[in-house]
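# Overview (structure and organization)
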Amino acid sequence: MSKHSQQPIQVQEMLPQSEILDPAASAELALQNLDRADIREQHGRIATAALYAGSLVGGAALWVSGKSSSLRFEQAMPYLEPAQRAVNDVQGALEVTGAVSLALSAGVILGAKVGASLNPHIHSIDRWSSREMSEDRLQPRRSPFKRALEATFAGRVPVMASIGAGLAVFASSISGEVSNGPERPIEKAMSTLVPGESMVTNYAGAMPMVESSVSRGLADRILSIATAEKIRAGILDENLGQMVKSGQTLSDLSLGVSTPENSPTSFAVGSSCNSIPIMIDRTAGVDVGQMVELNGINARVVGEIDGISATNRVGIVMDQEAMATCLKKDPESSVHSIVLDTSPEKTQQILDAANQDNEVSTVITKQHYLANSKEFWDSNVKPITSVLALFAGLFASAVSGSRMHESLVRHRREWAAKLGRGIGEGTIRATESLRVLKDGVLASVIGGSAAMFATPVVVNSLESGFQASVGLKELMVGSSVAIGGSLLGALKSLIHPKKIIRTEESLRS
């Protein structure tokens, strides 16, 4: 007998005698192991029940004692300006990524549709990516809507990816309004009420949300010199106050401007403050002729105006004399700024000639003034909304990764059969990647459309002066989340799909 034929006998002889059991002993050992497993499971259930019971009792005790509201996790962190700037730059990066990914995805899907009519392999990839592979085996009846989805996309509505895209568009829209909304009143004032590109302010960092004080004497001298040189100029004053209409209290941004005598908002020096004539933003819902209170002073609405309300601030326009006399209670009070319709260099010359008392003041451009405002609001709220957009991307990525893994597991019998016939991993990657792209494009459309409707209808009605809107940039942020986030999430499962499919095990099952 050969050496190899003796090897099984030698191995059998080397087995310990304790491991050679008769059937009865084996059955008894299996019962003992089963009893131990039952005991461990019962102990686990008891421990879990005790944990839940303790949690309920502890929660009830905290609630009854009134200490539940003070139980919270708090951690103060130092302000990191580089981190804030990086987060604020995320939206711009997502806009570019979304535009590129949407264009490339549409091109790939179109190429697959065209190539399917020319190449059998591409035809198979396109067909497999357009429906659940198990449906080929089950052959269920498909509705017209289902057949339309299979012909154009992946044969399904990607609900979770659509939610992620919608949340990203929603957050991006709010971020844009928070950053740009406060600029509207000033742009409106400078373009129609007080035209001009140069401003005289107290200091270079002046903006609507901070104080700027130019004395009335200096303002009058600047206006006098500008008028003599036939340069259009006017006062742009402001007051951040409180408006009461029909018992409802709202914050307001009142703009005081130089008005001609024939204007309905004209206010003569020495007039009574019992009924200040004002114009109010149309979004405030106050009719012409209605009375409101501004900082406790009665005001009468003589007209409506568009585009001067900002975040939580109802826009109001009045004569600067009325603002000084009635709201500031001093006809000679300082003003916020003087706007001149000339170059900054010429404005500086006028300021030098008018500034007889060497008052601290400076010349800035309208763009600089608006940039100050934008930087303030970017630092105030935009980091939060940018983080929300990032979280939406992480959400879409996590959902896509989980869904891709589940898809490969669910279809592993079909993929195993195809692998057994010689189909390579590259075909699996191409099919499932194309499926993700089809879902991502459809999710961009569904999520973006939903956010386009929901954002202005829901958000703008919750805060006065808020005018969030959805444009192409916001939609591209949603596409970046739906397509780019989904691809990143699916990447892990597509690197080695055979490890998930397990061809031999799947074919035996």
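Everything in this summary refers to the structure shown in the same document. By convention here, each chain's residues receive numbers from 1 onward along its written sequence. The predicted nature of this model means local features are confined to residues of pLDDT at least 70 and side-chain atom pairs, given and counted, to a pLDDT of 80 or more, with totals for whole chains, interfaces and linings taken over all residues. To obtain the side-chain values, all non-hydrogen atoms of the structure were included, while hydrogens and water were left out.

### Looking at the environment of Glu293
Filter applied, for reference: Strands are runs of DSSP state E lasting at least two residues, helices are runs of H or I lasting at least four, and both sets are numbered from the N terminus onward. Each residue's exposure class comes from its accessible area (1.4 Å probe, protein chains only) as a fraction of the maximum for that residue type: buried when under 20%, exposed when over 50%, partly exposed otherwise. The contact criterion used is simple: two residues touch if any of their non-hydrogen atoms lie within 4.5 Å.
Within the fold, Glu293 resides in strand S5 (residues 291-294). Glu293 gets classed as partly exposed once you look at its relative accessible area, which sits at 35%. The spatial distance from the C-alpha of Glu293 to the C-alpha of Ile276 is 9.6 Å, given a sequence separation of 17 residues. Filtering out sequence-adjacent residues up to four positions away, Glu293 remains in contact with Gln242, Met243, Val244 and Asn298.

### Section: empty space enclosed by the protein
Quick note on the threshold: Only protein atoms enter the 1 Å grid, on which a cavity is a set of points fitting a 1.4 Å probe that cannot get out and a pocket is an open set with protein on both sides within 12 Å along at least 5 of 7 lines, lining residues being those with an atom within 4 Å of a point. Grid points are joined across faces, edges and corners, and a volume is the space filled by probe spheres set on the points. Charged residues are taken to be Asp, Glu, Lys and Arg, nonpolar residues to be Ala, Val, Leu, Ile, Met, Phe, Trp, Tyr, Cys and Pro, and polar residues to be all remaining types, Gly included.
Summed over all chains, the structure comprises 3 cavities of 30 Å³ or more. Space inside the largest cavity adds up to approximately 180 Å³. Taken together, 17 residues form the lining of the largest cavity, with Arg156, Ser400, Arg403, Val436 and Asp439 sitting closest to its centre. Looking at the lining of the largest cavity, the elements that each hand over two or more residues are helix H8 (159-180), helix H14 (382-410), helix H16 (425-459) and helix H17 (472-495). With 6 residues, the single largest contributor to the lining of the largest cavity is H14. Of the residues that constitute the lining of the largest cavity, the class distribution is 8 nonpolar, 4 polar and 5 charged.

### Side note on the pattern of salt bridges
Worth spelling out the cut-off: Salt bridges are defined by distance alone: a side-chain nitrogen of Lys or Arg within 4 Å of a carboxyl oxygen of Asp or Glu.
Under the counting rule described, the total for this entry stands at 13 salt bridges. The partner of Arg216 in a salt bridge is Asp220, with the nearest N and O atoms 3.2 Å apart. Residue Arg216 and its partner Asp220 are located together in helix H10 (residues 216-228), separated by 4 residues, close to a single helical turn. Overall, Asp220 belongs to the partly exposed group, its relative accessible area being 35%. Close ionic contact of Glu229 with Lys346 constitutes a salt bridge, the shortest N to O distance being 2.7 Å. Linking Glu229 in the loop between H10 and strand S2 (233-245) with Lys346 in helix H12 (residues 344-354), this pair joins segments that are 117 residues apart in sequence. Under the relative-accessibility criterion, Glu229 is labelled partly exposed at 39%. The exposure class of Lys346 is partly exposed, given its relative accessible area of 25%. If you follow the salt bridges from partner to partner, you end up with Lys113, Asp126 and Lys438 in one network.

### Some words on unusual backbone geometry
A positive phi angle is found at Lys230, which is not glycine, with a value near 55°. On the secondary structure map, Lys230 appears in the loop between H10 and S2. Classification of Lys230 by relative accessible area gives exposed; the value is 79%. One non-glycine residue, Asn295, lies in the positive phi region at around 55°. The topology assignment puts Asn295 in the loop between S5 and strand S6 (297-305). Classification of Asn295 as partly exposed rests on a relative accessible area of 35%.

### Section: the state of the cysteines
The test is simple: Pairs of cysteine sulfur atoms within 2.5 Å are what we label disulfides.
One pass over the full model with this rule turns up 1 disulfide. Here Cys273 is linked by a disulfide to Cys326, with a sulfur-sulfur distance of 2.0 Å. Around the S-S axis, the bridge from Cys273 to Cys326 shows a dihedral of about -85° and counts as left-handed. You can see Cys273 sitting in the loop between strand S3 (248-257) and strand S4 (276-281) and its partner Cys326 sitting in helix H11 (residues 320-327), a full 53 residues away along the chain.

### Re the pairing of strand S1 (residues 198-201)
Basically, it comes down to this: Strands are treated as partners if at least two bridges between them are detected by DSSP.
Here S1 shows two buried faces, one formed by Ser198 and Val200 and the other by Met199 and Thr201. Bridge count for S1 against strand S8 (residues 337-340) is 3 bridges, and the pairing is antiparallel. Note that in S8 the partner of Met199 across the bridge is Val339. Relative to strand S9 (residues 362-365), S1 is paired through 4 bridges, and the arrangement is antiparallel.

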